[in-house]
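As a plain string of letters, each chain reads:
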Amino acid sequence: MGLEDYGGGQGPHPQVLVVTTNDVPGFRVQQVIGEVFGLTVRSRHLGSQIGAGLKSMIGGELKGLTKTLVETRNQAMERLVEQARARGADAVLAFRFDVSEAADVGTEVCAYGTAVVLARE
């Protein structure tokens, strides 16, 4: 698996800036729009569950599950960005992920933060 299989995040010039900080240097918050989130729930397919079960007996990284979680997080973040853009935001501050098991059948990933409009200082 290549580098793109293990990571995510935004490109160099995003339409909606997403940061984990509460502010952006050189900008001030002009308007707070409010909380936005992107949510997805994914089930694991049988092949990856069997592979993960076997791998867990001998140790090592579960690459199939890692790739699935990266894809899931990226999808949740894309949904967050879509919601922020639809509400008129150009940035999301205090961005976070929340990951949990969903009824023992899959993984729930929620990307959330505060949608804002920024102005240059």
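Bear in mind the structure is a predicted one, so any value in this text is a computation, not a measurement.

**Things to note about helix H2 (residues 63-86)**
So, step 1. An ideal rise of 1.5 Å per residue puts 34 Å on 24 residues; H2 measures up with 35 Å between its terminal C-alpha atoms.
So, step 2. Every buried residue belonging to H2 is among Val70, Thr72, Ala76, Met77, Leu80, Val81 and Ala84, and all of these are buried.
So, step 3. Lining the buried residues of H2 we find strand E1 (17-18), strand E2 (27-43), strand E3 (91-102) and strand E4 (106-120).
So, step 4. Two residues or fewer after H2 comes Gly88, characterised by a positive phi angle close to 95°.

**Notes on a nonpolar patch on the surface**
So, step 1. Residues Phe37, Leu39 and Tyr112 make up a contiguous nonpolar surface patch of about 250 Å² in total accessible area.
So, step 2. If you trace the backbone, Leu39 turns up in strand E2.

**Things to note about the sheet that holds E4**
So, step 1. Reading across from one edge, E1-E3-E4-E2 is the order of the 4 strands in this open sheet, with mixed pairing throughout. The open sheet has two edge strands with one neighbour each: E1 and E2.
So, step 2. The pairing of E2 with E4 spans 15 bridges and is antiparallel. In the sheet register, Ser43 faces E4, and the bridge partner there is Gly106.

**Quick notes on the environment of Gly106**
So, step 1. Locating Gly106 in the fold gives a position in strand E4.
So, step 2. Distance from Gly106 to Ser43, taken between C-alpha atoms, is 3.9 Å for residues 63 residues apart in sequence.
So, step 3. With sequence-adjacent residues up to four places away left out, Gly106 is seen in contact with Arg42, Ser43, Ser100 and Glu101.

**Section: the nonpolar core**
So, step 1. The biggest cluster of nonpolar side chains holds 16 residues, and the ones touching the most others in it are Val18, Val36, Leu80, Ala84, Val92, Phe95 and Ala115.
So, step 2. Contributing elements (two or more residues each) for this core: E2, H2, E3 and E4.
So, step 3. The greatest single-element share of this core, amounting to 5 residues, is contributed by H2.
So, step 4. Those residues in contact with Val18, other than ones at most four positions away along the chain, are Gln10, Met77, Leu80, Val81, Val92 and Phe95.
So, step 5. Residues Val19, Val24, Leu93 and Val116 belong to the second largest nonpolar core, which totals 6 residues.

Rules of the game
- Residues numbered from 1 in each chain as written.
- Predicted model: local features only at pLDDT ≥ 70, side-chain atom pairs only at ≥ 80, totals over all residues.
- Heavy atoms only, no water.
- Helix = DSSP H or I, 4+ residues; strand = E, 2+ residues; numbered from the N terminus.
- Expected span 1.5 Å × (residues − 1).
- Buried < 20%, exposed > 50% of the residue type's maximum accessible area, 1.4 Å probe, protein only.
- Contact = heavy atoms within 4.5 Å.
- Patch = residues over 30% accessible without salt bridge, like charges linked within 9 Å, V, L, I, M, F, W, Y side chains within 5 Å.
- Areas by Shrake-Rupley, 256 points an atom, 1.4 Å probe, with all protein chains shown as cover.
- Salt bridge = Lys/Arg side-chain N within 4 Å of Asp/Glu carboxyl O.
- Pairing = 2+ DSSP bridges.
- Core = buried A, V, L, I, M, F, W, Y, C linked by side-chain atoms within 4.5 Å.

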